[in-house]
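# An overview of the molecular structure
Now for the letters of each chain:
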Amino acid sequence: MTSAEPSLTAKARRSPGPWRTAAADLVRNRSALAAAVVLLIVAVATLCAPLYASHIAHTDPFQSHVSGTTVVDGKTVPVLTPSTTGLGLGVTPIGPTWDPTHYFLGADNQGRDVMARLLYGGRTSLFIGITAALLTCLVGTAVGVVAGYAGGVVDSVISRVLDVIWAFPVYLLAICLSVVLLTNGLTLGPLTVDAGSLWLPVAIIAAIYVPYIARPLRGQVLVLRNKEFIHAAVGSGAPTARILRREVLPNVLPTAIVFVPLMTALAMLTESALSFLSVGVQPPDASWGTIIEDGLGLLYTRPTVTIAPGLLIALTTAALNVLGDGVRDALDPSARLRGGV
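Residues numbered from 1 in each chain as written. Predicted model: local features only at pLDDT ≥ 70, side-chain atom pairs only at ≥ 80, totals over all residues. Heavy atoms only, no water.

## Here we look at the packing of helix α10 (residues 240-276) against helix α12 (residues 304-331)
Packed helix pairs are characterised by how far apart their axes lie and by the angle those axes make with each other. One way to put it is that α10 packs onto α12 with a least axis distance of 8 Å and a crossing angle of 170°. Accordingly, the angle class assigned to the pair α10 and α12 is roughly antiparallel. Contact residues: α10 offers Pro-254, Ile-257, Val-258, Pro-261, Leu-262, Thr-264, Ala-265, Met-268, Leu-269 and Ser-272, while α12 offers Ile-313, Thr-316, Thr-317, Leu-320, Asn-321, Gly-324, Val-327, Arg-328 and Leu-331. Residues that form the contact of α10 with α12 fall into these classes: 12 nonpolar, 6 polar and 1 charged. (Axes fitted to C-alpha atoms, helices over the stretch in contact; angles between N-to-C directions. Helix = DSSP H or I, 4+ residues; strand = E, 2+ residues; numbered from the N terminus. Parallel < 35°, antiparallel > 145°, perpendicular 65-115°, else oblique. Contact = heavy atoms within 4.5 Å. Nonpolar A, V, L, I, M, F, W, Y, C, P; charged D, E, K, R; others polar.)

## A look at the nonpolar core
Within soluble globular proteins, side chains that are nonpolar tend to cluster in buried spots. With 34 residues, the main nonpolar core has Ile-205, Val-248 and Met-263 as its most contacted residues. Among the elements of the structure, α5 (114-150), α7 (170-184), α8 (199-224), α9 (228-235) and α10 are those that each provide at least two residues to this core. The dominant element in this core, judged by the number of residues it contributes, is α8, at 10 residues. Non-local contacts of Met-263, meaning those with residues more than four positions away in its chain, are made with Ala-133, Thr-136, Cys-137, Tyr-209 and Ile-213. Ranked by size, the runner-up nonpolar core spans 25 residues in total, among them Ala-32, Leu-39, Leu-105 and Leu-298. (Core = buried A, V, L, I, M, F, W, Y, C linked by side-chain atoms within 4.5 Å. Buried < 20%, exposed > 50% of the residue type's maximum accessible area, 1.4 Å probe, protein only.)

## Some details on the side chain of Thr-136
Mapped onto the elements, Thr-136 comes out in helix α5. Among the polar contacts listed, one links the side chain of Thr-136 to the backbone oxygen of Ala-132, at a separation of 2.7 Å. (Polar contact = N/O pair within 3.5 Å; in protein donor to acceptor, adjacent residues only side chain to side chain.)

## Some thoughts on the packing of helix α3 (residues 30-47) against α12
Two elements in contact, α3 and α12, have axes whose closest approach is 8 Å; the angle formed by their N-to-C orientations is 140°. Classified by the angle their axes make, α3 and α12 are oblique. For the pair α3 and α12, the sense of crossing is left-handed. Between α3, through Ser-31, Ala-32, Ala-35, Ala-36, Val-38, Leu-39 and Val-42, and α12, the contact on the second element is made entirely by Leu-315, Thr-316, Ala-319, Leu-320, Val-322, Leu-323 and Gly-326. Tallied by class, residues from the contact of α3 with α12 come to 11 nonpolar, 3 polar and no charged. (Left-handed = near helix turned anticlockwise from the far one by under 90°.)

Read these as spatial facts, not as claims about activity.
And the structure:
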């Protein structure tokens, strides 16, 4: 046996790292894998919104088509027809034609293509949900790590601020912030966010959910601070920044990663609620929440306008929750033990 053979054998027997093991466990989780496929399909479909609107539907989903016409079964018909019910007031949009080139899911009360608006609205909802979740997890992790490791006055001040935010009902706080900021926008030093910007609901949603990340991570850091390896690092004279970066953060990072898909689902639901109440995404932008609000008056005549975005919200958030459970099981050793792995 040559000298190279023992090293090759040792390398072959070397156990994979924790991240590789977690990734392998996640791939073996069929439910999480199916959820990831669903999310990928939704994301790709929304990214193709401009292609669908310009090359297939040939319509501008942000422009009213009150006097527009379309072709159904070879006949030219109006997109909006006068209502024949009640007092005859209002209009009735064309219903689903199931033809991708002519109002596949019908039109809303302004004659806009519902399918095209769904795709564009999905881009907005996913952008706000993912960005707000990443920002929440980033800020919440930093706040939780600093509060848990520093202790003393720093921990007390941060904890009281988190308690104040935690004490407010989530949607009430979000609505209050939205109503105030939609008037004047948001200014933080040199940073200015306009009232109609998509970054405004991102900032609001991220701010109200920071305690949901910071508090559990703070508790985890409080436990880690009393571990032997932390005492050894402190005793060896390692600077605080290095201890946080090399010892504390790697131990809380899996928990923060688990929160990302779960917070994305929660952020999307919050954005939809705010947009439904007209204090979230503002025109001319559209989201699944604004489309539901647009179709509220058509609930009895053209329910597709409201049902379609509602189903997409339910499907996407359910997939995110299933994926989050799979990520948690993959990154949590105790979960693998409970599962008999």
